[in-house]
Amino acid sequence: LGVPMKFGMGYGLNSEHSPLSPNPRACFWGGWGGSLVVNDLDAELTFAYVMNRMGNGTVGDMRAAGSVGSRVALYHDTWTMAAARPLFGWGMGSYPQVFRFFNTQYAPDIKTTRFYRDAHSDWLQSLAEHGFVGTTLLALGAILPLLRLRRRHLANPVPTYLLAGCALVLLYAWVEFPFGNVAVVLVWWLSFFCAVHYARLYDREAPAPVKSGSASG
């Protein structure tokens, strides 16, 4: 989880790292997205919480941090992580484990640094995990097919709208992590290549130019 914690049988226990209650016999656990249950045996009290909008993680939440400064600090620390290994990065899927060594945001509520599973920026996280070389290779997977398109290929609005939608997702990925969802990744690449292939159908459907010449007889 990336935070100090005292564990019991299936629960996290009341401790100085997670002070839940003044009563010693209190325990808790959280679920993916932000849900939480707390049991206080001494107070004979149990309460549970389920959010109406899931977050990505079990400990720490960007919405709980709640400020633009927290987001800027997260981006700065992620860039520091990327700059430590700029060429090839720290490895695919390494962000949650490695970022804790670069994280500078202290959380008074849990008396340690906040835990982030994602950088809340797909571009920065790609630089941190894959480096400039890996990120460039990923980008070339989309850039090279686009280089074969010409203005005439975008005369039909269908590929234009699909490519515009893909571009908007890429812009959104600067400030969030839509590509952290496998479904988004699959739909994005499917939409992109469908748009490119559909646009190139123009060359097949366009009538061949008629060559003029004089006939000899």
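In this text the structure is predicted, and so the values were computed from the model without any measurement. (Residues numbered from 1 in each chain as written. Predicted model: local features only at pLDDT ≥ 70, side-chain atom pairs only at ≥ 80, totals over all residues. Heavy atoms only, no water.)

1. Some remarks on the environment of Met81
What counts is decided by this rule: Helix and strand assignments come from DSSP, with helices taken as H or I runs of at least 4 residues and strands as E runs of at least 2, each series counted from the N terminus. Think of it in three bands: with a 1.4 Å probe and only protein chains considered, a residue is buried below 20% of the maximum accessible area for its type, exposed above 50%, and partly exposed in between.
Mapped onto the secondary structure, Met81 falls in helix α2 (residues 68–84). Its relative accessible area of 0% is what places Met81 among the buried residues. A sequence separation of 47 residues divides Met81 from Ala128, and the C-alpha atoms of the two residues are 6.0 Å apart.

2. Description of the sheet that holds strand β4 (residues 45–49)
What counts is decided by this rule: By definition, two strands form a pair when at least two bridges between them are found by DSSP.
Pairing in this open sheet of four strands is antiparallel, and the strands run β1-β2-β3-β4 from one edge to the other. Each edge of the open sheet carries a strand with a single partner, namely β1 (12–13) and β4. In this sheet, strand β2 (residues 26–30) lies alongside β1 in antiparallel orientation, the contact comprising two bridges. Looking at β2, one finds that Leu13 is bridged to Cys27.

3. Concerning the confidence of the model for the protein
Keep this limit in mind: Per residue, pLDDT measures the predictor's confidence, with a range of 0 to 100.
Residue-level pLDDT values for the protein average 82, and 78% of them are 70 or greater. When pLDDT is averaged over each helix and strand of the protein, the minimum, 50, is found for helix α1 (residues 62–65) and the maximum, 95, for helix α4 (residues 122–147).

4. As for the pattern of salt bridges
What counts, and what does not: By definition, a salt bridge exists where a carboxyl oxygen of Asp or Glu is found within 4 Å of a side-chain nitrogen of Lys or Arg.
Enumeration over the complete set of coordinates arrives at two salt bridges. Here Asp42 ties to Arg25 by a salt bridge, and the two come within 2.8 Å at their closest N and O atoms. With Asp42 in the loop between β3 (36–40) and β4 and Arg25 in the loop between β1 and β2, this pair connects stretches of sequence that are 17 residues apart. The partner of Arg71 in a salt bridge is Glu176, and the shortest N-O contact between them spans 3.1 Å. One end of the pair, Arg71, is in helix α2; the other, Glu176, is in the loop between α5 (157–172) and α6 (182–205), and 105 residues separate them in sequence. On the basis of relative accessibility, which here comes to 18%, the residue Glu176 falls in the buried class.

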